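Below are the chains, spelled out letter by letter.
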Amino acid sequence: MVVLVIGILLAIAVPNFIHARSNSLTKTCVQNLWQIEQAKEQYAMAAGLASQSALDAAELAPAYIRFIPICPAGGVYTLGVVDQTPTCSLGGTHTLVGTGFTQ
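Presented here is an overview of the structure given in this document.

Procedures and definitions
- Residues numbered from 1 in each chain as written.
- Predicted model: local features only at pLDDT ≥ 70, side-chain atom pairs only at ≥ 80, totals over all residues.
- Heavy atoms only, no water.
- Helix = DSSP H or I, 4+ residues; strand = E, 2+ residues; numbered from the N terminus.
- Rg over C-alpha atoms; globule rule 2.2 N^0.38 Å.
- Buried < 20%, exposed > 50% of the residue type's maximum accessible area, 1.4 Å probe, protein only.
- Contact = heavy atoms within 4.5 Å.
- Areas by Shrake-Rupley, 256 points an atom, 1.4 Å probe, with all protein chains shown as cover.
- Lys, Arg positive; Asp, Glu negative; His and termini not counted.
- Charge placed at Lys NZ, Arg CZ, Asp CG, Glu CD.
- Core = buried A, V, L, I, M, F, W, Y, C linked by side-chain atoms within 4.5 Å.
- Phe/Tyr/Trp six-rings, centres within 6.5 Å; stacked < 30°, edge-to-face > 60°.
- Expected span 1.5 Å × (residues − 1).

## A word on the overall build of the protein chain
Argument step 1. When its secondary structure is counted, the protein chain shows 2 helices and 2 strands.
Argument step 2. Its helices and strands in sequence order give the protein chain the pattern α-α-β-β, from N to C terminus.
Argument step 3. The C-alpha atoms of the protein chain give a radius of gyration of 19 Å, which is well past the 13 Å a tight globule of 103 residues would have.
Argument step 4. When its C-alpha atoms are laid out on the principal axes, the protein chain stretches across 70 × 25 × 20 Å.
Argument step 5. In the protein chain, which comprises 103 residues, the share counted as buried stands at 25%.
Argument step 6. Of the contacts made within the protein chain by residues no fewer than 6 positions apart, 62% connect residues no fewer than 24 positions apart.
Argument step 7. Total accessible area on the protein chain stands at roughly 6,800 Å², and carbon and sulfur atoms take up 64% of it.
Argument step 8. Within the protein chain, the 5 negative side-chain charges are centred at a point lying 17 Å from the centre of the 4 positive side-chain charges.

## Examining the nonpolar core
Argument step 1. Of all hydrophobic cores here, the largest spans 16 residues; its most connected members are C29, L33, L60, Y77 and C88.
Argument step 2. Counting residues per element, this core draws most heavily on helix α1 (residues 2–47), which supplies 7 residues.
Argument step 3. Apart from the residues within four sequence positions on either side, L60 is in contact with A39, K40, Y43, I65, I68 and L79.

## Some remarks on the packing of aromatic side chains
Argument step 1. Enumeration according to the criterion identifies 1 aromatic pair in this entry.
Argument step 2. An angle of 70° between the planes, with centres 5.5 Å apart, marks the rings of Y43 and Y64 as edge-to-face. One end of the pair, Y43, is in helix α1; the other, Y64, is in the loop between α2 (57–60) and β1 (77–78), with 21 residues separating them in the sequence.
Argument step 3. For Y64, a relative accessible area of 29% translates into the label partly exposed.

## Here we look at the side chain of N32
Argument step 1. Mapped onto the secondary structure, N32 falls in helix α1.
Argument step 2. According to the relative accessible area criterion, N32 is buried, its value standing at 10%.
Argument step 3. In this view, N32 contacts P69, I70, P72 and Y77; residues no more than four positions away in its chain are not counted.

## Brief notes about the environment of Q35
Argument step 1. Mapped onto the secondary structure, Q35 falls in helix α1.
Argument step 2. Relative accessible area serves as the criterion here: at 36%, Q35 is assigned to the partly exposed category.
Argument step 3. It is 9.7 Å that separates the C-alpha atoms of Q35 and P86, two residues lying 51 residues apart in sequence.

## What to know about α1
Argument step 1. In this model α1 runs 66 Å from its N-terminal to its C-terminal C-alpha over 46 residues, within 8% of the 68 Å that 1.5 Å per residue would give.
Argument step 2. Those residues of α1 lying buried are T26, C29, V30, N32, L33, I36, E37, A39, K40, Y43 and A44.
Argument step 3. Positive phi shows up at G48, right after α1, with a value of about 65°.

Read these as geometric descriptors, not functional statements.
This is the structure:
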C-alpha cells in the first residue's frame, strides 16, 4: 500500500517538476535576451551607430553588459544588427516577441 501511494505521488510530482524547470529555463533565457537588447541599445546610442550596423559581443562586454550570458537551455544567442532583437537558437518561447519585453 505504501509503495502504491509513493508511486502515485511520484506520478503527480515528476511531470510538474519537469514543467516548472522548463518554464524556469525559458524565462531565464528571455530575461537574458532582454538584457542583451538593453546593452545593444545603450552601446548603439553611445557610439552613434546606424540601425543596420552589425554588433559583436566583445563591443558590449564589459562596458554595457557585464558578460554575454549563456542560454540555460543550451541555445546560442545571436546579437544581429542594431535594430533587430537578439535571438536564441532554440526559438519558440525563447524569444522576446510576445513576452512583454517587446519594444
